[in-house]
Amino acid sequence: MADVPTSTTALVADSSGEETRLAVQPMPLSDLGPGDVLVAVTWSSVNYKDGLASTKKGRVARISPLVLGVDLAGTVVEPGGSGLAAGQSVVVHGYDLGVAHHGGYSQYARVPAEWVVPLPSGLTERQAMTLGTAGFTAALSVLALEQHGLEPGAGPVLVTGATGGVGSAAVSILAARGHPVTAVTGKADARDWLLSLGATDVVDRAAVSDTSRPLQKETWAGAVDCVGGDVLANVVSSLRYGAAVAASGNTAGTRVPTTVFPFILRGVALLGIDSVQHPINSRRKVWQRLAADLMPPGLDRLAAEEVTLDAVPEALSRVLAGAARGRTLVRLA
Ligand SMILES: NC(=O)c1ccc[n+]([C@@H]2O[C@H](COP(=O)([O-])OP(=O)(O)OC[C@H]3O[C@@H](n4cnc5c(N)ncnc54)[C@H](OP(=O)(O)O)[C@@H]3O)[C@@H](O)[C@H]2O)c1
């Protein structure tokens, strides 16, 4: 193994002034923070939460300066007492990474052993970050719906924010598992791409934003929602009897103007999805499944773009504007 350098190059967010300032700069490895495991990062990715962490208004960054990047894949350089092997490929995401602990937009990251997922065979480090936090969250959403009873043949499954990271992975995973998927998007030009991921139908976001009636036509056998707001309220009111929506995000807003009627008259369920504190043992099992039966068949099609650190700030602005399509990968090596 090559000698470990004494410093890394990282994208650092400094919130000490009025506005958060982003800069690609050197940082001593000794400043990387606590943790047993030193990882040489090969890939990270751009998530909505990274966008939030890059601005004061986002209110998710809890330290300054902060190396951004809520997920990473790479190889172990120093395993510490973790039991991992030097040279082993790993994935790390969630917990405090990229919000209260220096994250993945760096050539090196130091992390606690209990955050580390050994990369399952069958997934490359690049593919792991094509999935990243978004793909993992999509997988948790699909598993939650299936645990609730969703089976192929039950009827159409709705996916909102379908061109985004969570949404596009959910479309692909659900379609591969035999569910007819209706993809909701605000992007008029994304239809063909969504059909290529496996969607059977694509509808405009405006068609699923009406919240005027507490109960709408029973349409969806299940739903994966990462946008919240009016869209989630509409989805809840359009679920079939006994169906569920797995809710993970809030790009359309945090307030959900719904009523109790869908819950008490149709027995529908709102399943909360959290990838950040998801327990490590289950996290490792879900990654095993992402390398097997949950792997989206069009995985490489989800990776829309590759950028290096200097182009990440622009990609973060895009994701905050709701303009991202698929996944943006950050190349570190
Ligand atoms: N709970 C968790 O553990 C967890 C994990 C990962 C992500 N998340 C959350 O899930 C959400 C999506 O994350 P992501 O990384 O997939 O983001 P993303 O790539 O930016 O995707 C979000 C998508 O939402 C849609 N959208 C954007 N603005 C909207 C608006 N005003 N109204 C309705 N739809 C809008 C857009 O898709 P269309 O243009 O196709 O409609 C956009 O591409 C975020 O809120 C994120 O914080 C939560």
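Parameters and conventions
Residues numbered from 1 in each chain as written. Predicted model: local features only at pLDDT ≥ 70, side-chain atom pairs only at ≥ 80, totals over all residues. Heavy atoms only, no water. Helix = DSSP H or I, 4+ residues; strand = E, 2+ residues; numbered from the N terminus. Buried < 20%, exposed > 50% of the residue type's maximum accessible area, 1.4 Å probe, protein only. Contact = heavy atoms within 4.5 Å. Areas by Shrake-Rupley, 256 points an atom, 1.4 Å probe, with all protein chains shown as cover. Lys, Arg positive; Asp, Glu negative; His and termini not counted. Charge placed at Lys NZ, Arg CZ, Asp CG, Glu CD. Near = heavy atom within 4 Å. Polar contact = N/O pair within 3.5 Å; in protein donor to acceptor, adjacent residues only side chain to side chain. Nonpolar A, V, L, I, M, F, W, Y, C, P; charged D, E, K, R; others polar. Axes fitted to C-alpha atoms, helices over the stretch in contact; angles between N-to-C directions. Parallel < 35°, antiparallel > 145°, perpendicular 65-115°, else oblique. Left-handed = near helix turned anticlockwise from the far one by under 90°. Core = buried A, V, L, I, M, F, W, Y, C linked by side-chain atoms within 4.5 Å. Pairing = 2+ DSSP bridges.

> So what's going on with the overall build of the protein? Residues and values would help.
Each helix and strand counted, the protein has nine helices and 16 strands in total. Across its three principal directions, the C-alpha atoms of the protein cover 65 × 45 × 35 Å. Put simply, the protein has 333 residues, and 54% of those count as buried. A fraction of 71% describes how many contacts in the protein between residues 6 or more apart in sequence connect residues 24 or more apart. Accessible area of the protein: about 13500 Å², with a carbon and sulfur share of 51%. Averaging the positions of the 26 positive and the 29 negative side-chain charges in the protein gives two centres separated by 5 Å.

> Mind laying out the site of the ligand, listing which residues take part and the relevant values?
By nearness alone, 28 residues border the ligand, and Thr163, Val166, Thr185, Lys187 and Ser275 come closest of all. Within the contact set of the ligand, an oxygen atom lies 2.8 Å away from a backbone nitrogen or oxygen of Val166. Within the backbone of Ser275, an N or O atom sits 2.7 Å from an oxygen atom of the ligand. The protein chains hide 88% of the 920 Å² of surface that the ligand would expose on its own. For the shell around the ligand, the secondary-structure elements that each account for two or more residues are α2 (125-148), α3 (165-176) and β10 (181-185). Split by residue class, the shell around the ligand holds 10 nonpolar, 15 polar and three charged.

> Give a description of the packing of α2 against α3 that names residues and reports values.
Between α2 and α3, the shortest axis-to-axis distance is 8 Å and the interhelical angle comes to 50°. Here α2 lies oblique to α3, going by the angle between them. Between α2 and α3 the crossing geometry is right-handed. In this structure, α2 contributes Ala134, Gly135, Thr137, Ala138, Ala139 and Val142 to the contact, and α3 contributes Gly165, Val166, Ala169, Ala170, Ile173 and Leu174. Considered class by class, the residues forming the contact of α2 with α3 number nine nonpolar, three polar and no charged.

> Explain the nonpolar core residue by residue, including any values.
Grouped together as the largest cluster of nonpolar side chains are 104 residues, with contacts concentrated most on Tyr105, Leu194, Trp287 and Leu290. Apart from residues no more than four positions distant in its own chain, Leu290 is found in contact with Leu131, Gly135, Phe136, Ala139, Ile173 and Met295. Core analysis: the second largest hydrophobic core is formed by 10 residues, Met27, Leu32, Val77 and Tyr108 among them.

> Please give an account of the sheet that holds strand β9 (residues 157-159) that cites residues and values.
Taken in spatial order, the six strands of this open sheet run β11-β10-β9-β12-β13-β14, and their pairing is parallel. With partners counted over all chains shown, the strands left at the sheet margins are β11 (201-204) and β14 (269-272), one partner each. Geometrically, the sheet is characterised by an average inter-axis angle of 20° between neighbouring strands, direction not taken into account. Bridging between strand β12 (residues 222-225) and strand β13 (residues 244-247) involves three bridges; their strand directions are parallel. Directly across from Asp225, in β13, lies its bridge partner Ala247. Set on the sheet, α2 makes contact with β9, β12, β13 and β14; between it and β13 the angle comes to about 155°. Docked against the sheet, helix α5 (residues 229-238) engages β9, β12, β13 and β14, running at close to 160° with respect to β13.

Everything listed is a geometric property; what it means functionally is a separate question.
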